[in-house]
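Residues per chain, in single letters:
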Amino acid sequence: PNRDVNCENTEEMDYLIRTGGVVDNTPYPRNPAMNSEEARLLTFHGWPESAPVRPENLAQAGLYYTTTGDRVMCFCCGGSLQGWESGDDAWSEHERHYPNCFFILGHEVGNVPSVQSSI
Ligand SMILES: [Zn+2]
């Protein structure tokens, strides 16, 4: 997919994190209400049937549906992705576009995996 071009804040945040301008006091996760995989999965109500990625994969990768097109957002870094193409993998694309995301990096950000995936 493509990065959301309107997401300038994230660009700036990426820059600050890379340069050490922001380290500890960054408000993560960006959207604590979506820190549960279960809650994220519920947002995919109305997710386009034609989309090549499944809600389960997206939710597992920390993403929830914004209810616009096929645009999803990360509960942790606040980065958004849209324009999913056949063969895209939710986690890989998240990692490719937002490599500084604390969730992607494996930091403790309060993620609550769904019961199924934690067994
Ligand atoms: Zn993220």
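Student: With reference to specific residues and values, describe the overall build of the protein.
Tutor: Counting its regular elements, the protein contains five helices and four strands. Its helices and strands taken in sequence order, the protein reads β-α-α-α-β-β-β-α-α from the N to the C terminus. Across the 119 residues of the protein, 45% fall into the buried class. Nonlocal contacts in the protein, meaning residues at least 24 apart in sequence, comprise 49% of its contacts between residues at least 6 apart. For the protein, the computed accessible surface area is about 6,700 Å², with 50% contributed by carbon and sulfur atoms.

Student: So what's going on with the coordination of the zinc ion? Residues and values would help.
Tutor: Octahedral metals with six donors have ideal donor angles of 90 or 180 degrees. Tetrahedral metals with four donors have an ideal donor angle of 109.5 degrees. Binding of the zinc ion to the protein goes through Cys74 (SG), Cys77 (SG), His94 (NE2) and Cys101 (SG), at separations of 2.1 to 2.3 Å. Geometry at the zinc ion is tetrahedral, judged from the four donor atoms that bind it and their angles of 103 to 119° at the metal.

Student: Outline the environment of Ala39, listing residues and values.
Tutor: Within the secondary structure, Ala39 sits in helix 2 (residues 37-42). In this structure the C-alpha to C-alpha distance between Ala39 and Val112, which are 73 residues apart in sequence, comes to 9.3 Å.

Student: Outline the sheet that holds strand 2 (residues 63-65), supporting the account with residue identities and numerical values.
Tutor: On the basis of which strands lie adjacent, the open sheet formed by four strands has the order 1-4-3-2 and antiparallel pairing. The open sheet terminates on both sides in strands that have one partner only, identified here as strand 1 (2-3) and strand 2. Examined bridge by bridge, strand 2 and strand 3 (residues 72-74) share three bridges and lie antiparallel to one another. Within strand 3, the position partnered with Tyr64 by the bridge is Met73. The strands touched by helix 4 (residues 90-97) within the sheet are strand 1, strand 2, strand 3 and strand 4 (80-82), with strand 4 carrying the most contacts at an inclination of about 120°.

Student: Provide a residue-level description of the pattern of salt bridges, including the pertinent values.
Tutor: Summed over all chains, the structure comprises one salt bridge. Linking Glu93 and Arg96 is a salt bridge whose minimum nitrogen-to-oxygen distance equals 2.7 Å. Here Glu93 pairs with Arg96, and both are found in helix 4, just three residues apart, close to one helical turn. Overall, Arg96 belongs to the exposed group, its relative accessible area being 54%.

Thresholds applied
Residues numbered from 1 in each chain as written. Predicted model: local features only at pLDDT ≥ 70, side-chain atom pairs only at ≥ 80, totals over all residues. Heavy atoms only, no water. Helix = DSSP H or I, 4+ residues; strand = E, 2+ residues; numbered from the N terminus. Buried < 20%, exposed > 50% of the residue type's maximum accessible area, 1.4 Å probe, protein only. Contact = heavy atoms within 4.5 Å. Areas by Shrake-Rupley, 256 points an atom, 1.4 Å probe, with all protein chains shown as cover. Donors = N, O, S within 2.8 Å, 3.2 Å for Na, K, Ca; no water. Tetrahedral: all angles 85-135°; square planar, octahedral: opposite > 155°, others 65-115°. Pairing = 2+ DSSP bridges. Axes fitted to C-alpha atoms, helices over the stretch in contact; angles between N-to-C directions. Salt bridge = Lys/Arg side-chain N within 4 Å of Asp/Glu carboxyl O.

By themselves, these are just geometric observations and shouldn't be taken as functional.
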